[in-house]
Each structure stands twice: as C-alpha cells, then as structure tokens.
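Listed below, chain by chain, are the residues.
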Amino acid sequence: MDKRKVSLFALTIIIVLLNVLASFRWNYNNFEGDMRYKTDRWTNKDWVEFYPPLAIGSAMEFPLLNSKFNSFPQLESHVEKIAMSGYLVSEWLKRMKLTYLYYGINSFLIIITLILLAMITRTRKSLTRKSALN
C-alpha cells in the first residue's frame, strides 16, 4: 500500500476520532425552570444556560462558582458579584481558546487530508494516461 494512502487513512481516522471526542465535550446535568446546567469536560468548569421566557433562540451562558440558581435574579446577583473580578472573562477566554484550538486542528487535518486525496488522484490519473499512451 502506498504511503500516501496510509497517511490518508490515518488522517481520516484521527479526524473522525477528534469529532467524536468533541461531541462528548458537554455534560448536561439538569434543567430547572429557565436554567440548564452543564459541565465543560475539557476545562472541568460548570456553566449555566439561561433561557429567557419570551426569547426565541439561543441562551445566555455564564460560568459558575459551584452554585445552583433557582431564578434569574439569583443568577444576576451572582454575575454582578463576580463580574468585577474578571472571573467571567477569564473563564470565557479559556473556553474559547480551547474551542478555537479544536477548530484550528480540525481544519488543518481536513486540509491536509484534501491535499493528500488530490495528490493520490493526480498520481492515479497520470499513471492512467501513461499506460494509455504505451
């Protein structure tokens, strides 16, 4: 078997495994009222998603300091207490750095896979042309 084909196969397996592992990033704990609690397995941090009652669409996400909330006012007071410390920003940045690192590695591996596939296809076409000329 050609080295390119082995490399293509290995890269494909790595990309599939990377995407399977990424699908297990979040551990969704429970849903209480408008709050949904989850844990980021990559950073081992707890987060809460707040779904406003009249909003249609996505939730607002906040990192937690190991506490649970029953209502939005409790969550709001929590955010106000820790907002000045920079905790929210630092946790959000850690999460985003890991996410962007995952996207970068995944994109790089997909581009390398496409280049290898193009090289294999081009080599196969050139061999077919040479055999047709002979």
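The rules behind each value
- Residues numbered from 1 in each chain as written.
- Predicted model: local features only at pLDDT ≥ 70, side-chain atom pairs only at ≥ 80, totals over all residues.
- Heavy atoms only, no water.
- Helix = DSSP H or I, 4+ residues; strand = E, 2+ residues; numbered from the N terminus.
- Buried < 20%, exposed > 50% of the residue type's maximum accessible area, 1.4 Å probe, protein only.
- Contact = heavy atoms within 4.5 Å.
- Areas by Shrake-Rupley, 256 points an atom, 1.4 Å probe, with all protein chains shown as cover.
- Phe/Tyr/Trp six-rings, centres within 6.5 Å; stacked < 30°, edge-to-face > 60°.
- Lys NZ or Arg CZ within 6 Å of the ring centre and 35° of its normal.
- Pairing = 2+ DSSP bridges.
- Axes fitted to C-alpha atoms, helices over the stretch in contact; angles between N-to-C directions.
- Polar contact = N/O pair within 3.5 Å; in protein donor to acceptor, adjacent residues only side chain to side chain.

### Remarks on the overall build of the protein
- Each helix and strand counted, the protein has three helices and four strands in total.
- Residues counted as buried form 25% of the 134 residues belonging to the protein.
- Taking the intrachain contacts of the protein between residues at least 6 apart in sequence as the baseline, contacts between residues at least 24 apart amount to 43%.
- Surface accessibility of the protein: about 9500 Å² in total, with carbon and sulfur atoms responsible for 65%.

### Here's the deal with the packing of aromatic side chains
- Taken as a whole and assessed by the stated rule, the structure comprises three aromatic pairs.
- Geometrically, the ring pair formed by W47 and W92 is edge-to-face, given 5.2 Å between the ring centres and 65 degrees between the ring planes. Taken as a pair, W47 in strand 3 (residues 45-50) and W92 in helix 3 (residues 87-133) lie far apart in primary sequence, 45 residues in all.
- On the basis of relative accessibility, which here comes to 1%, the residue W47 falls in the buried class.
- Pairwise contacts between aromatic rings join W42, Y102 and Y103 into one cluster.
- A cation over a ring is seen here: K38 above W26, with NZ or CZ 4.0 Å from the ring centre.
- A cation over a ring is seen here: R95 above W47, with NZ or CZ 4.6 Å from the ring centre.

### Describing the sheet that holds strand 1 (residues 26-32)
- Strand order in the open sheet made by the four strands is 1-2-3-4, with antiparallel pairing throughout. Taken across any chain shown, the strands that pair with only one partner, and hence form the sheet edges, are strand 1 and strand 4 (60-63). Between one strand and the next, the sheet's axes are offset by a mean angle of 25 degrees, whatever the strand orientation.
- Across six bridges, strand 2 (residues 35-40) lies against strand 3 in antiparallel orientation.

### Observations concerning the side chain of T39
- Checked against the element boundaries, T39 lands in strand 2.
- For T39, a relative accessible area of 13% puts it in the buried group.
- Side-chain polar atoms of T39 contact the side chain of N29, separated by 3.3 Å.
- Each residue touching T39, except ones within four places of it in the same chain, is listed here: R25, W26, N27, N29, N44, K45 and D46.

### Notes on unusual backbone geometry
- One non-glycine residue with positive phi stands out, namely N44, at about 60 degrees.
- Position of N44 relative to the elements: it lies in the loop between strand 2 and strand 3.
- A relative accessible area of 64% means that N44 is categorised as exposed.

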